[in-house]
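# Report on the structure
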Amino acid sequence: MRILHVVGARPNFMKVAAVMRALDGHGVDQILVHTGQHYDEALSDLQIADLDLPRPDVELHVGSGSHTRQTAEVMLRFEPVLERIRPDRVVVVGDVNSTLGAALVCGKLGVFLAHVEAGLRSFDRTMPEEMNRVLTDHISDLLFTSEPAGDANLQREGIPDARVRAAGSTVVDSLLRVLPHTEGRAILDQIGRDRPYALVTLHRPATVDDHATLRSVFGALEELARDVRVLFPVHPRTRKNIAAARIAATNVQLLEPLGYLDFVALQREATVIVTDSGGVQEEASVLRVPCVTVRETTEKPATLEHGTNVLVGRDPGRLLAAVREAIGGGRRETTLPWFWDGHAGERIAGALV
Ligand code: UD1
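The rules behind each value
- Residues numbered from 1 in each chain as written.
- Predicted model: local features only at pLDDT ≥ 70, side-chain atom pairs only at ≥ 80, totals over all residues.
- Heavy atoms only, no water.
- Near = heavy atom within 4 Å.
- Polar contact = N/O pair within 3.5 Å; in protein donor to acceptor, adjacent residues only side chain to side chain.
- Areas by Shrake-Rupley, 256 points an atom, 1.4 Å probe, with all protein chains shown as cover.
- Helix = DSSP H or I, 4+ residues; strand = E, 2+ residues; numbered from the N terminus.
- Expected span 1.5 Å × (residues − 1).
- Bend = angle between axes of the 7 residues up to and from the residue.
- Buried < 20%, exposed > 50% of the residue type's maximum accessible area, 1.4 Å probe, protein only.
- Contact = heavy atoms within 4.5 Å.
- Salt bridge = Lys/Arg side-chain N within 4 Å of Asp/Glu carboxyl O.
- Domains from an automatic or database assignment.
- Buried area = accessible area lost by both parts, 1.4 Å probe.
- Pairing = 2+ DSSP bridges.
- Axes fitted to C-alpha atoms, helices over the stretch in contact; angles between N-to-C directions.
- Phe/Tyr/Trp six-rings, centres within 6.5 Å; stacked < 30°, edge-to-face > 60°.
- Lys NZ or Arg CZ within 6 Å of the ring centre and 35° of its normal.

### So, the site of the ligand
- Among the 18 residues in the neighbourhood of the ligand, the closest are listed as His38, Tyr39, Asp40, Glu129 and Lys240.
- The separation between an oxygen atom of the ligand and a polar side-chain atom of Glu129 is 2.6 Å.
- His235 places a polar side-chain atom, nitrogen or oxygen, 3.0 Å from an oxygen atom of the ligand.
- Relative to its unbound accessible surface of 750 Å², the ligand loses 89% to contact with the protein.
- Contributions of two or more residues to the shell around the ligand are made by helix H3 (67–85) and helix H11 (236–244).

### Some details on H3
- For H3, spanning 19 residues, the distance from its first C-alpha to its last is 27 Å, which sits close to the expected 27 Å at 1.5 Å a residue.
- Where H3 bends most, at Phe78, the angle is about 30°, and the proline Pro80 comes one to four residues later.
- When we look at burial in H3, the residues that qualify are Gln70, Thr71, Glu73, Val74, Phe78, Val81, Leu82 and Ile85.
- Along its buried surface, H3 packs onto strand E1 (2–7), strand E2 (29–34), strand E3 (58–59), strand E4 (89–93) and helix H4 (97–109).
- Count one or two residues on from H3 and you reach Arg86, which has phi positive near 45°.

### Details of the environment of Pro290
- Within the secondary structure layout, Pro290 lies in the loop between helix H13 (279–287) and strand E12 (291–293).
- Put simply, Pro290 and Leu202 are 88 residues apart on the chain and 16 Å apart in space, counted from C-alpha to C-alpha.

### A look at the pattern of salt bridges
- Evaluation of the coordinates by the stated rule reveals 24 salt bridges.
- Measuring nitrogen to oxygen at the nearest pair gives 3.0 Å for the salt bridge that ties Arg133 to Asp95. Placement of Arg133 in helix H5 (residues 128–139) and of Asp95 in the loop between E4 and H4 is noted, with a sequence separation of 38 residues between them.
- The salt bridge involving Arg133 is made with Glu299; its shortest N-O contact spans 3.4 Å. One end of the pair, Arg133, is in helix H5; the other, Glu299, is in the loop between E12 and helix H14 (302–305), and 166 residues separate them in sequence.
- A relative accessible area of 3% places Glu299 in the buried class.
- Three or more residues are tied together by salt bridges with common partners; here these are Asp95, Glu130, Arg133, Arg295 and Glu299.

### Things to note about the domain arrangement of the protein chain
- Taken domain by domain, the protein chain consists of domain 1 (2–167) and domain 2 (183–329).
- For domain 1 and domain 2, the distance between their C-alpha centres works out to 26 Å.
- Counting residues at the interface gives 20 residues for domain 1, matched by 16 residues for domain 2.
- Among the residues of domain 1 in contact with domain 2, Arg10, Asp50 and Glu147 are the three that bury the most area, contributing 28% of the side total.
- Along the contact surface separating domain 1 from domain 2 lie three salt bridges.
- Between Arg204 and Glu129 there is a salt bridge whose closest N-O contact spans 3.0 Å.
- In this assembly, domain 1 and domain 2 are joined by eight residue pairs in polar contact (both at pLDDT 80 or more).

### Concerning the sheet that holds E12
- On the basis of which strands lie adjacent, the open sheet formed by six strands has the order E10-E9-E8-E11-E12-E13 and parallel pairing. Of all the strands in the sheet, the pair left with one neighbour each is strand E10 (253–255) and strand E13 (309–311). Each neighbouring strand pair of the sheet contributes to a mean axis angle of 20°, computed without reference to strand direction.
- Across four bridges, the pairing between strand E8 (residues 197–201) and strand E11 (residues 272–275) is parallel. In the strand pairing of E11, Leu199 is matched with Ile273.
- Lying over the sheet, H13 contacts E8, E11, E12 and E13, oriented at roughly 170° with respect to E11.

### Some remarks on the packing of aromatic side chains
- Counted by the stated rule, this structure contains two aromatic pairs.
- A ring pair is formed by Phe218 and Phe232, whose centres lie 6.3 Å apart and whose planes are at 35°; its orientation type is tilted. Here the residue Phe218 occupies a position in helix H10 (residues 211–224), and Phe232 occupies one in strand E9 (residues 229–233), the gap between them amounting to 14 residues. Residues Phe218 and Phe232 agree in their burial class; the two are buried.
- Each ring, one from Trp338 and one from Phe339, has its centre 5.0 Å from the other, and the planes form 35°; the classification is tilted.
- Taking relative accessible area as the criterion, Trp338 reaches 62% and is therefore assigned exposed.
- For Arg89, the ring lying beneath its charged end belongs to Phe112, and the centroid distance is 4.5 Å.

This is how it looks when you write it as structure tokens:
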């Protein structure tokens, strides 16, 4: 059996790694296609190395561009690859433009498509990822959900139960696997152990593209940095907007984007995490680190109900109040879904084979 996996952007790598590793034991011929949506070393190569992923067999080099162009480039460049390789199954993960582009090509060529992390919904159609999620799910032949809300959403949208498998979170699989390797990371010495810090990641268009919003959120972080160290590894989209909005970081410590192991190391030791990412909400919950999410919605409600996550929107007052409360509260108790157990990849591999 031949299974082709598609990766494109930073949040894809840990999900694909868990599935490929689990398939290794099944004697399957695996092919990894990298669309090149993310091409920076920190967003791509470092993740591949940190996760022990094989080098991609095929690279499509689609690069950046408008959402339309990027999705269309993935389709144009992926179609001949799929026609040449003719896999028995294609696996796409998550919700980035590469996920949808590759899924559409499979739908048009009638190639069996599996979607890992299916069914998640923020119910906010202004998020580019929401359209990617909905459309990818409706094209897929086999849908692997990562938390109970995913099953309920798919059922409500009329996707037959026979196509859906409750698999669990591949984000958690990779996190649990690398955790023992993050303890001695040099980054923890570089930033100085035993000095508490808040860890920040922000990159969503809704948070960083509008200069007034970015200024106001950044203002809250500067104020926070008077109480506690604030470490902020900056995504390229955010870096461009910080420069364009002429924001000067005075107390907030801006860092380059980090590889997976360094970022997990910083997460596990953080006093609080402030983010607008999806995966980080899950990772913080598993690590029992309080997480303050700078969004009005989340596609991962398990992190609110059973994890450490709170939503505060982009209001600086709510953000500061929630972070201060989190700092006072320390580590949280959690009751996470049973299938966030580190074995989602194995359940997915079994069903694929
Ligand atoms: C993408 C995903 C988002 C994910 C995020 C994680 C979509 C719709 N969005 O957003 O879901 O959370 O990745 O990182 O697919 N750039 C670089 N180097 C790169 C890639 C991009 O400098 O390697 C710059 C480009 O100039 C581009 C900007 O960053 O304008 C944004 O990149 P893009 O891939 O379009 O979307 P992300 O914001 O990264």
